[in-house]
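Spelled out from the first residue to the last, the chains are:
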Amino acid sequence: MKRPAKKPTTDRSFVVALSRGLDVLRAFQPNDGLLGNQEIATRTKLPKPTVSRLTYTLTKLGYLTPVPRFEKYQLAPSAMALGYAALANLGVRYLSEPFREEVMRATGGAVAIGGRDRTSMIYFGQSRNGLTLGVQLDVGSRIPIATTAMGRAYIWALPGDERAALLRELREHYGSRWPRMRDGIERAGETVAKHGFAISAGEWQDDVHAVGVALKLNDGTGTYAFNCGAPAFRFTEDRLRNDIGPRLLAMVRNIEAALGGTAPQSKKAESKKLKSGGKVARVVEGIR
């Protein structure tokens, strides 16, 4: 789900044409329906003639289905098969389901697991009922890393060099909005160090409050993150800190143990690890 560590222009092994083709497929979001070449070009920031060649090629390969009447395309079954194959191989999605359902019933919030997709987190598992969130997210939905509890928990679970690279990418992505984003990420780092979970209270959407906890495994499959969120009037900031956050943290540590992942650490040990080299907020030093 991550971008290559090296820039395409400096990495001789990087196949630019393949990257652009995947960008075209990535342009299709849940509930999009049909997209035309101009819409794809806008989303991918690729020249329209390049997009036209790529959509033609992807159609020939069976990854896009043309809809001539509207001069647009939709994802074909071959493209969807890739996503379902990926989901089938994510064992954590299935193992975490009973844990997610339990926390959902206990808190009344929606509980999801996601992984990184560039500057977003993408949901690949969710447990919710009809009363949870005003904005109904589902598998395949994307949420921003910088302003959400899930994304912030993910950031602070990364090794220092990977976190610095991601922060640079976020800075480039947000431009003039970066200082505000950075401040929220710094605050989240302090909260993770102190409590073991991140909080986003109205920073992604005004009426949504949530907590996030990262999942770290030892099998090399990557870092993921969970969140538990609900309308702000149901999840007050006090409840996030004293009830929802501790519940989600305990859930994730139990999942890690069940998967043979990272052994649970004490809050003191986790805090010491995050603060190594100085105050947590100093981690973004040089990315200002």
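Note: the structure precedes this text.
Residues numbered from 1 in each chain as written. Predicted model: local features only at pLDDT ≥ 70, side-chain atom pairs only at ≥ 80, totals over all residues. Heavy atoms only, no water.

Novice: Any details on the overall build of the protein chain? Residues and values, ideally.
Specialist: What the protein chain contains, in helices and strands, is 11 helices and eight strands. Looking at the protein chain as a whole, 48% of its 288 residues qualify as buried. Intrachain contacts of the protein chain at a sequence separation of at least 6 include 60% that bridge at least 24 residues. (Helix = DSSP H or I, 4+ residues; strand = E, 2+ residues; numbered from the N terminus. Buried < 20%, exposed > 50% of the residue type's maximum accessible area, 1.4 Å probe, protein only. Contact = heavy atoms within 4.5 Å.)

Novice: I'd love a proper account of helix α9 (residues 178-195), names of residues and values included.
Specialist: Between its terminal C-alpha atoms α9 stretches 25 Å, which fits the 26 Å expected from 18 residues at 1.5 Å a residue. Within the sequence span of α9, burial applies to Trp178, Met181, Arg182, Gly184, Ile185, Glu186, Ala188, Gly189, Thr191, Val192, Ala193 and His195. After α9 finishes, the residue Gly196 shows a positive phi value of roughly 95°. (Expected span 1.5 Å × (residues − 1).)

Novice: Please give an account of the pattern of salt bridges that cites residues and values.
Specialist: Summed over all chains, the structure comprises 13 salt bridges. Between Glu203 and Arg187 there is a salt bridge, and its shortest N-O distance comes to 3.0 Å. Here the residue Glu203 occupies a position in the loop between β6 (198-201) and β7 (208-216), and Arg187 occupies one in helix α9, the gap between them amounting to 16 residues. What makes Arg187 partly exposed here is its relative accessible area of 48%. Between Arg253 and Glu256 there is a salt bridge, with the nearest N and O atoms lying 3.4 Å from each other. (Salt bridge = Lys/Arg side-chain N within 4 Å of Asp/Glu carboxyl O.)

Novice: Help me get a handle on the environment of Leu158, residues and values and all.
Specialist: Considering the arrangement of structural elements, one finds Leu158 in the loop between α7 (149-157) and α8 (160-174). Counting along the chain gives 58 residues from Leu158 to Lys216, while the straight-line C-alpha distance between them is 9.0 Å.

Novice: Run through the packing of α8 against α9, naming residues and quoting values.
Specialist: In the contact formed by α8 and α9, the axes pass within 9 Å of each other and the chain directions differ by 145°. Touching Leu167, Leu170, Arg171 and Tyr174 of α8 are Trp178, Met181 and Ile185, all from α9. Tallied by class, the residues present in the contact of α8 with α9 amount to six nonpolar, no polar and one charged. (Axes fitted to C-alpha atoms, helices over the stretch in contact; angles between N-to-C directions. Nonpolar A, V, L, I, M, F, W, Y, C, P; charged D, E, K, R; others polar.)

Novice: If you had to explain a nonpolar patch on the surface to someone new, which residues and values would you point to?
Specialist: Taken together, the side chains of Val15, Leu18 and Leu22 define a hydrophobic patch exposed on the protein surface, amounting to about 280 Å² of accessible area. Inspection of the secondary structure assignment puts Val15 in the segment before α1 (16-26). (Patch = residues over 30% accessible without salt bridge, like charges linked within 9 Å, V, L, I, M, F, W, Y side chains within 5 Å. Areas by Shrake-Rupley, 256 points an atom, 1.4 Å probe, with all protein chains shown as cover.)

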